[in-house]
Amino acid sequence: MRFDLTDLGLFLAVIDAGSITRGAAEAGLSLAAASERLRHMEAVGEVLLLHRGRRGVVPTEAGEALAHHARTILHQIAEMRGELGRYAKGMRANVCILANTAAVTEYLPARLASWMAQHPRVDVDLKERQSSDIARSVAAGFAEIGILSGAAATAGLTLRPFATDRLVAVLALDHALAGKPQLRFSELLDHHFVGLSGGALQQHLEMQAARLGTKIKLRVALRSFDGICRLAGEGVGIGVVPEAAARRSKRSARIAIVRLQDDWATRRLSVCVRSEPELTPLARSLFQHLASRSSSPLR
């Protein structure tokens, strides 16, 4: 069987995403090119690697075996690059991090800056995911480091405290709910929302609404928390954002900030790995750096 590194990376991306379309995008390939590579891998090996269904794909027993060896090979390649990078000019290494929305937007930029400045030949592949997906992917070896909330099942993972993240509602100052000291998420669902475009946090809120037997009435979806706060302040709708983002935006947006009472709205974020001894030296260095201090939102 002649599989190249692109084949192996694509196969792991497809399994991680549960979808050939999303896996192809993660691997930087077109859907047609990815599908052709996967068909070729099965044809060369004369073995079925994926069960394809309406809801996506799952690996067969042979696919699980391939995934195990692919993770080992790619891990060894990463170790080789890290070791050679100490001596070779231009040799670059890569560390993959999966993180939830709050970590990506509010905490990681500052936390990554000093470490990346000290490691100029290391690239960080940062991807936003829901906490449950992060736990599964790190446990399966699809990513070296994850940053997730305590809501995810993390049995078998090594965790260190990372940050405390609180979700709050942001409303116009004259909104009927603006004077409340705190609210439950269910009290917001009769009103229209300003949401986050394509973010894991928005998916999380939609899931919470579904558990209450309803849907979020979304007027518009934006790509930043600052934009959500600005429109919320103008009365367009209610936003739900991390408290740190709300307090930062309050300097320019006319918003009221109300904490959510729901247990899931106060989240203890952790940085996690499958096994610290198994990490490459660079990934271990980054993990220890991210775990070196935990932080809370601005008060």
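Preceding this section is the structure that the text describes.
Residues numbered from 1 in each chain as written. Predicted model: local features only at pLDDT ≥ 70, side-chain atom pairs only at ≥ 80, totals over all residues. Heavy atoms only, no water.

### Here we look at the overall build of the protein chain
The criterion, for reference: Put simply, DSSP H or I for four residues or longer makes a helix, DSSP E for two residues or longer makes a strand, and each gets a number counted from the N terminus. Only C-alpha atoms enter the radius of gyration, while the globule expectation follows 2.2 Å times N to the 0.38, with N the number of residues. Relative accessibility under 20% of the residue-type maximum defines a buried residue, over 50% an exposed one, and the middle range a partly exposed one, all with a 1.4 Å probe and only protein chains included. In what follows, a contact means two residues having at least one pair of non-hydrogen atoms within 4.5 Å. Per-residue and other accessible areas were derived by the Shrake-Rupley procedure at a 1.4 Å probe size, with only the shown protein chains allowed to occlude residues. His is not counted here, nor are the chain ends, while Lys and Arg score as positive and Asp and Glu score as negative. The atom standing in for a charge is NZ when the residue is Lys, CZ when it is Arg, CG when it is Asp and CD when it is Glu.
Scanning the protein chain for helices and strands turns up ten helices and twelve strands. Over its C-alpha atoms the protein chain spans a radius of gyration of 21 Å, differing by no more than 12% from the 19 Å that the globule rule assigns to 299 residues. A principal-axis box enclosing the C-alpha atoms of the protein chain has dimensions of 65 × 45 × 35 Å. By the burial criterion, 48% of the 299 residues in the protein chain qualify as buried. Relative to all contacts within the protein chain whose residues are 6 or more apart in sequence, the contacts with residues 24 or more apart total 74%. Counting only carbon and sulfur atoms, one obtains 50% of the accessible surface of the protein chain, whose full area is about 15,100 Å². Charge-centre separation for the protein chain: the mean point of 39 positive side chains lies 5 Å from the mean point of 29 negative side chains.

### Concerning the pattern of salt bridges
Quick reminder of the rule: Think of a salt bridge as a Lys or Arg side-chain nitrogen and an Asp or Glu carboxyl oxygen that are within 4 Å of each other.
Under the counting rule described, the total for this entry stands at 16 salt bridges. Across the pair Asp 4 and Arg 37 runs a salt bridge whose closest N-O atoms are separated by 3.3 Å. Placement of the pair is Asp 4 in the segment before helix H1 (5–17) and Arg 37 in helix H3 (residues 31–45), with a sequence separation of 33 residues. Classification of Asp 4 by relative accessible area gives partly exposed; the value is 34%. Residues Glu 243 and Arg 247 are paired through a salt bridge, measuring 3.1 Å at the closest nitrogen-oxygen approach. With a gap of four residues between them, Glu 243 and Arg 247 both fall in helix H9 (residues 243–249), about one helical turn apart. Given the relative accessible area of 2%, Glu 243 is considered buried. One network of salt bridges, in which partners are shared, links Glu 26, Asp 125, Lys 127 and Arg 129.

### Re unusual backbone geometry
Despite not being glycine, Glu 46 has its phi angle at roughly 50°, a positive value. Assignment of secondary structure puts Glu 46 in the loop between H3 and strand S1 (50–53).

### Comments concerning the packing of H1 against H3
Rules: Between N-to-C directions, angles span 0 to 180 degrees; the directions come from axes that are lines fitted to C-alpha atoms, helices contributing only their stretch in contact. Angular relationships are summarised with four words: roughly parallel below 35 degrees, roughly antiparallel beyond 145, roughly perpendicular across 65 to 115, and oblique for the angles in between. Three residue categories are used. Nonpolar comprises Ala, Val, Leu, Ile, Met, Phe, Trp, Tyr, Cys and Pro, charged comprises Asp, Glu, Lys and Arg, and polar comprises the others, including Gly.
Look at H1 against H3: their axes get within 10 Å of each other, and the N-to-C directions meet at 105°. For the element pair H1 / H3, the angle class is roughly perpendicular. Here Thr 6, Asp 7, Leu 10, Phe 11 and Val 14 of H1 come into contact with H3, specifically with Ala 34, Arg 37, Leu 38 and Met 41. Residues of the contact of H1 with H3, tallied by class, amount to six nonpolar, one polar and two charged.

### With respect to the pairing of strand S11 (residues 255–260)
Quick note on the threshold: By the convention used here, strands pair only if DSSP detects at least 2 bridges between them.
Examined bridge by bridge, strand S6 (residues 158–172) and S11 share five bridges and lie antiparallel to one another. Paired with Leu 171 across the bridge in S11 is Ala 256. Taken together, the two bridges between strand S7 (residues 182–183) and S11 define a ladder with parallel strand orientation. Residue pairing across strands places Leu 183 opposite Leu 260, the latter belonging to S11.

### Observations regarding helix H6 (residues 131–140)
Considered for burial, the residues of H6 that qualify are Ser 131, Ile 134, Ala 135, Ser 137, Val 138 and Ala 140. On its buried face, H6 is in contact with H1, helix H4 (61–84), strand S3 (93–99), strand S5 (145–149) and strand S12 (266–273). Phi turns positive one or two residues past the end of H6, at Gly 141, with a value near 85°.

### Points about the nonpolar core
To be explicit about the condition: Side-chain atoms within 4.5 Å link the members of a nonpolar core, which is a set of buried Ala, Val, Leu, Ile, Met, Phe, Trp, Tyr and Cys residues.
In this structure, Val 170, Phe 185, Leu 188, Phe 193, Val 240, Val 241 and Leu 260 are the most contacted members of the largest nonpolar core, which totals 33 residues. Only S6, strand S8 (192–196), helix H7 (200–211), helix H8 (225–233), strand S10 (239–242), H9 and S11 provide two or more residues apiece to this core. Ranked by residues supplied to this core, first place goes to S6 with five residues. For Phe 185, the contacting residues outside a window of four places in its chain are Phe 193, Leu 205, Gln 208, Ala 209, Leu 212, Ile 216, Val 240, Leu 260, Asp 262 and Trp 264.

### Considering the side chain of Glu 106
To be explicit about the condition: Distance and chemistry together define a polar contact, namely a pair of N or O atoms within 3.5 Å, with one atom able to donate a hydrogen and the other to accept it when in protein, and with adjacent residues in sequence counting only for side-chain atoms on both sides.
With respect to the helices, strands and loops of the structure, Glu 106 is situated in helix H5 (residues 101–118). Owing to a relative accessible area of 16%, Glu 106 belongs among the buried residues under this scheme. Within the structure, Glu 106 has its side chain in polar contact with the side chain of Arg 248 (distance 2.8 Å). Residues contacting Glu 106, with those up to four places away along its chain left out, are Phe 225, Pro 242, Ala 244, Ala 245 and Arg 248.

### Details of the environment of Gln 203
When you line up the elements, Gln 203 lands in helix H7. Of the residues examined, Gln 203 reaches a relative accessible area of 37% and is grouped as partly exposed.

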